[in-house]
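Fold and contact review
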Amino acid sequence: MGRDDRTTLTRSRGTANRSRTGMVSGYVFRVIREELDHTQQSLADAFKVSTDTIAGWESGRRPLTSLTVGQKLLHRHLLMRMGVSPALLRALDRGLEADVLLADALTDEGATCDSPLGAWVIQRDLVEVLVWPLNGVTPEPMRGLGVSGRPRRGPAPTRPELSADDRRRFFRRMRRTAEEARGGDFLLHRQALYLAGYDEEPDTPEWLGRQQHDQRPQDWLTRWLTTRSVAAVAARQGDGDRMRHFIATTLDDDHAGEAANLNYWAYWIGESPHLELSDDFIATTGAPTWHGHKLLQHLVTGLVPDRGFFELNIHTIWALLAARPGLLRTSEAMGALRERLPLLLDGTGPSKCARRELEGIRYAIRLAEA
């Protein structure tokens with residue numbers, strides 16, 4: 001290979017790497033532009049930049065992550081004045097975070113202990129955006145968006161896309177990170193383990209089981225979180241036995257386990273008021289700072305029998321209403337829950353334990369309405 005060929009290859013790799021570092025936020029930015037009914041030219045005029053700059057942001061060729069904080073804030077304020085919904089602005093913020101995490105993972109070199117994945121306890125809205133290019137599932141704020149009525153010059157992607165090689169590279173990095181962080185940075189280990197669980201390779205369940213066996217944590221919280229993470233991954237892949245075992249042995253009749261479950265759920269769906277830098281908050285048994293309205297709405301929405309988290313949702317609703325009985329009278333989600341209960345109880349989806357909890361929920365609703 002000659003010098004010119006090596007230079008071309010290096011430039012090609014550099015362009016690909018830059019594209020990957022901005023692919024998610026760039027796609028969200030394109031959706032925002034189309035929701036505002038702007039062309040690249042008209043938005044470039046509004047932002048006082050070139051059309052090529054807008055095109056570069058959207059493709060990832062000029063990643064939004066490379067802008068200064070001041071530039072990002074100015075652009076964000078302009079989008080707010082243009083009327084972009086708070087949900088889409090939040091999705092753009094999460095897209096920027098996802099691009100940083102993806103860029104680190106796809107580098108596939110260097111020390112995994114330096115991964116930003118272990119800097120804070122991540123939440124559902126970020127995970128949904130982060131795995132979007134991996135599993136093709138559209139994040140909640142983006143559903144129903146992204147289809148423009150304007151004619152296009154050519155085919156356009158319908159979501160952020162990673163090549164098969166990049167997907168393999170990402171999951172390889174998550175496995176290596178989880179293995180190397182085991183016994184050291186538990187937060188990094190746990191979150192890498194969870195993301196590795198999105199891998200659809202046949203050996204993923206076996207690998208996850210081996211990680212749980214090799215972890216052998218000594219303290220209660222570490223054991224609880226490891227068990228929950230493996231059960232959650234298994235449930236997402238269609239194996240409900242681990243989740244039922246987790247509910248029966250780690251939650252049921254265990255006050256500390258129930259409190260941890262509620263604390264984790266509330267933080268995961270964004271009801272807690274601030275970000276956490278470690279998992280320690282999960283074991284807090286005092287009065288929490290969250291109310292439960294958003295959590296109940298999320299859990300009721302997830303009462304779908306063929307979903308892996310179905311029985312955990314039932315159990316968590318049961319525990320939440322026991323811990324927050326005021327929700328029976330004040331939550332807007334109660335109407336949907338009341339309507340859904342007869343269908344769930346008449347169906348064949350719930351196990352005996354889940355059916356008893358559904359009966360308990362229905363009885364609590366009747367008492368609150370009496």
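Scroll up to find the structure this text is about.
Figured I'd write up the structure that's included with this text. On a predicted model such as this, the values are computed, not experimentally measured, just so you know.

Reading guide: rules and limits
Residues numbered from 1 in each chain as written. Predicted model: local features only at pLDDT ≥ 70, side-chain atom pairs only at ≥ 80, totals over all residues. Heavy atoms only, no water. Axes fitted to C-alpha atoms, helices over the stretch in contact; angles between N-to-C directions. Helix = DSSP H or I, 4+ residues; strand = E, 2+ residues; numbered from the N terminus. Parallel < 35°, antiparallel > 145°, perpendicular 65-115°, else oblique. Contact = heavy atoms within 4.5 Å. Nonpolar A, V, L, I, M, F, W, Y, C, P; charged D, E, K, R; others polar. Phe/Tyr/Trp six-rings, centres within 6.5 Å; stacked < 30°, edge-to-face > 60°. Buried < 20%, exposed > 50% of the residue type's maximum accessible area, 1.4 Å probe, protein only. Lys NZ or Arg CZ within 6 Å of the ring centre and 35° of its normal.

1. Here we look at the packing of helix α2 (residues 23-35) against helix α4 (residues 51-59)
Contact pair α2 / α4: the axes reach a minimum separation of 6 Å and the direction vectors enclose 125°. It follows from the interaxial angle that α2 and α4 lie oblique. Where α2 abuts α4, its residues Gly-26, Tyr-27, Phe-29, Arg-30 and Arg-33 lie against Ile-54, Trp-57 and Glu-58. Across the contact of α2 with α4, the residue classes tally to four nonpolar, one polar and three charged.

2. Quick look at the packing of aromatic side chains
Under the criterion given, the structure shown has twelve aromatic pairs. Here the aromatic rings of Phe-170 and Phe-171 are separated by 5.4 Å at their centres, their planes lie at 80°, and the arrangement is edge-to-face. The residues Phe-170 and Phe-171 share a single accessibility class, namely buried. With 6.4 Å between their ring centres and 10° between their planes, Tyr-264 and Trp-268 make a pair best called stacked. In this pair, Tyr-264 and Trp-268 both sit in helix α14 (residues 255-268), four residues apart, roughly one turn of the helix. The same class applies to Tyr-264 and to Trp-268, which are both buried. Linked through ring pairs, Tyr-194, Tyr-198, Tyr-264 and Trp-268 together constitute an aromatic cluster. Geometry around Trp-290 places Arg-324 over its ring, the cationic atom sitting 4.7 Å from the centre.

3. A closer look at the environment of Trp-224
Positionally, Trp-224 belongs in helix α12 (residues 220-236). With relative accessibility at 1%, the residue Trp-224 sits in the buried group. In the structure, Trp-224 is positioned 22 residues away from Phe-246 in sequence and 9.0 Å away in space, judged by C-alpha atoms. Leave out the neighbours within four places in its chain, and Trp-224 touches Phe-246, Thr-250, Leu-251, Gly-257, Ala-260, Asn-261, Tyr-264 and Ile-282.

Honestly, it's all geometry; don't read function into it.
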